[in-house]
Amino acid sequence: MAGKYRVLVVGLGKRGMHHAATFHANPRFEVAGICDIDQARLEAAAPKLSSPLAGADAAALAQTVKPDVFCFCTLPGLRLQMIKIGISSGARLIAFEKPIALSSAEAIEIKRALDAAGVKAVVSHQHRYGVHYQKVREIIASGALGRIHTVYGTGTGWMLHLMSHLLDYLRWFNDGAEAEWVMAQAVGRGKLADLHASPDYIAGFIQFANGVRGIVECGAGAPDVPEVSYWWRKCRIGALGTDGFAEVLTGGGWRAVTKTGASSGPGSMNYDLDMPPYVQDMAEWLDDDRRVHPCNFQSAYKGHQIMMALCRSVVQGGQVALPLATGADELALLQAHLPETKVLASTAENAKEYQS
Ligand SMILES: NC(=O)c1ccc[n+]([C@@H]2O[C@H](COP(=O)([O-])OP(=O)(O)OC[C@H]3O[C@@H](n4cnc5c(N)ncnc54)[C@H](O)[C@@H]3O)[C@@H](O)[C@H]2O)c1
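Residues numbered from 1 in each chain as written. Predicted model: local features only at pLDDT ≥ 70, side-chain atom pairs only at ≥ 80, totals over all residues. Heavy atoms only, no water.

Overview of unusual backbone geometry
Using the following cut-off: Secondary structure elements are defined from DSSP: runs of H or I of at least 4 residues count as helices, runs of E of at least 2 residues count as strands, and each element is numbered from the N terminus.
Each neighbour pair has its own omega, and for Lys98 with Pro99 the value is -15°, a cis peptide bond. Tracing the chain through its elements places Pro99 in the loop between β5 (93-96) and α5 (104-117). The omega angle of the peptide bond from Leu322 to Pro323 is -5°, so this bond is cis rather than trans. Following the sequence through the fold, Pro323 ends up in the loop between β15 (320-321) and α10 (330-337). At Ser50, a position not held by glycine, the phi torsion is positive, near 60°. Structurally, Ser50 is set in the loop between α2 (39-45) and β3 (53-55).

Structure representation (structure tokens):
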């Protein structure tokens, strides 16, 4: 059996601990270093991970540990800087959290840096490992829906939290077809002040090169998913075809209607179930260049371009062509241009979440 890949995990909050614990439990990996600027978090994490090298300075620790995998799970404000630290540490793979960047300008710089260094990168869109997500993908791929004409994703949480996920999965349901243009509207400034800065509600259309229409919406105006009680999991992602539809509810299983009738099954987003295969696929890709990780950066980058193009459409109006030729700071554009108009929520629960 091949040896163990050494991992440095930076940022030991909720997601950092999910990653660190999963690497630690996988025999193909060794957690060789951990980093957080919060000393209490470092001390709490160390004994759970066989007490690896620990420190608060990611750049210094990365130079000491020289990891094979540089994993960082910091909040969205810290991305390009960490990518640069990971590349200069000599890591062969960088694993990090969505969203990949706060702007198209930053994402383009990240892509250039990774491409130039030839470093693999993986972005945590791990929901797709859920049995219900897999089942919907399987039904679509089987041809049971006939010709797919529409893919869609809705979520009541706000854009920088959720849209990255929705776009990744609806692109997957559409075989990764390229997006040609988007058009969107947005309203509500309350969540622009959040660390995951977003309009309170954004909705848009995507034209894919294979003729399929994409529809995506996030936030206060997104529809309820009454089958799901946990608010953050009120996401519905699916595909419509000439012979039927199939969709996944993040917290509520899957269902489909095809020529042969209606069917449904269980499944709910679960970090304990989704993280182990997500991490195992990193080992597979490190072992063999041909076994590209399903959550590879190049795919996440395309989803991010769509999200940033939707924001540009909100600000400038009309259709925005893809790929984006030059970078911009889309959140700053939204800050400058979104009117004070208050968002109209689609449910009482949404109204409670989007009060300001
Ligand atoms: N994939 C998913 O399903 C999923 C779910 C939740 C959150 N997320 C994403 O994960 C990311 C992290 O979210 P979280 O909830 O774990 O955040 P968190 O606040 O719990 O953790 C972030 C950690 O990073 C540390 N940190 C900040 N700056 C640092 C630095 N310079 N060096 C080292 N450590 C530093 C903080 O002290 C904190 O411990 C976000 O981008 C979020 O969108 C993804």
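Overview of the state of the cysteines
Stated formally: For the purposes of this analysis, a disulfide is any pair of cysteine sulfur atoms at a distance within 2.5 Å.
Scanning all chains against the criterion turns up zero disulfides. Here Cys235 is not disulfide-linked; the sulfur of Cys218 is the nearest cysteine sulfur, at 7.4 Å. Take Cys311: it sits in no disulfide, and the sulfur closest to it among the cysteines is that of Cys218, at 10 Å.

Focus: the sheet that holds strand β9 (residues 201-208)
What counts is decided by this rule: Following DSSP output, two strands are said to pair if at least two bridges run between them. Only heavy atoms matter for contacts: two residues are in contact if any of them lie within 4.5 Å across the pair. Only the contacting stretch of a helix is used when fitting its axis, a line to C-alpha atoms as for every element, and angles between N-to-C directions run 0 to 180 degrees.
With respect to topology, nine strands assemble into an open sheet ordered β14-β13-β12-β11-β7-β10-β9-β8-β15, the strand pairing being mixed. Since the sheet does not close on itself, it has two edges, and those belong to β14 (261-265) and β15, each with one partner. Strand direction decides the pairing type here: strand β7 (residues 148-155) and strand β11 (residues 235-241), joined by seven bridges, are antiparallel. By the bridge assignment for β11, Thr150 is matched with Leu240. Across the face of the sheet, helix α7 (residues 159-173) comes into contact with β7, β9, β10 (213-219), β11 and β12 (244-249) while running at roughly 160° to β10. Along the sheet, helix α9 (residues 297-316) contacts β8 (179-187), β9, β10 and β15; its crossing angle with β8, the most-contacted strand, is approximately 55°.

Quick notes on the environment of Gln335
How we decide: Buried, partly exposed and exposed residues are distinguished by accessible area as a fraction of the type maximum, computed with a 1.4 Å probe on protein chains only: under 20%, between the cut-offs, and over 50%, respectively.
Within the secondary structure, Gln335 is located in helix α10. Relative accessible area serves as the criterion here: at 38%, Gln335 is assigned to the partly exposed category. Separated by 143 residues in the primary sequence, Gln335 and Leu192 have C-alpha atoms spaced 7.0 Å apart.

Here's the deal with the site of the ligand
In plain terms, the rule: By convention in these notes, a residue is near a molecule or strand provided one of its non-hydrogen atoms lies within 4 Å of it. Here a polar contact is recorded for every N or O atom pair within 3.5 Å, except that within protein the pair must consist of a potential hydrogen donor and a potential acceptor, and residues adjacent in sequence are included only if both atoms are side-chain atoms. Each accessible area is a Shrake-Rupley estimate made with a 1.4 Å probe; only the visible protein chains count as cover when residues are assessed.
Near the ligand lie 26 residues; those nearest to it are Arg15, Asp36, Arg41, Arg79 and His196. Within the backbone of Arg15, an N or O atom sits 2.8 Å from an oxygen atom of the ligand. Between the ligand and Glu97, the relevant distance is 3.1 Å, taken from a nitrogen atom to a side-chain nitrogen or oxygen of the residue. For the ligand, whose accessible area on its own is 870 Å², the fraction buried by protein is 83%.

Quick look at the environment of Pro339
Here Pro339 shows up in the loop between α10 and α11 (348-353). Taking the C-alpha atoms as reference points, Pro339 and Gly188, 151 residues apart in sequence, are found 7.5 Å from one another.

With respect to the pattern of salt bridges
How we decide: Whenever Lys or Arg places a side-chain nitrogen within 4 Å of a carboxyl oxygen from Asp or Glu, that contact is recorded as a salt bridge.
Applying the stated criterion to the full structure yields 18 salt bridges. One salt-bridge network, in which partners are shared between bridges, spans Glu227, Arg236, Glu247 and Arg255.

With respect to the pairing of strand β2 (residues 29-35)
Put simply, the rule is: Here the term right-handed applies to a crossover when the path leading from its first strand over the helix to its second strand runs clockwise, the strands being oriented away from the viewer.
Counting buried residues along β2, six of its seven residues qualify, which places the element largely inside the surrounding structure. Here strand β1 (residues 5-10) pairs with β2 via six bridges, running parallel. Its bridge partner being in β2, Val10 is matched across the sheet by Cys35. In terms of handedness, the path from β1 via helix α1 (residues 14-25) over to β2 forms a crossover that is right-handed. Note that the unit made of β2, α2 and β3 has a crossover that is right-handed.

In short, shape yes, function no, at least from these values alone.
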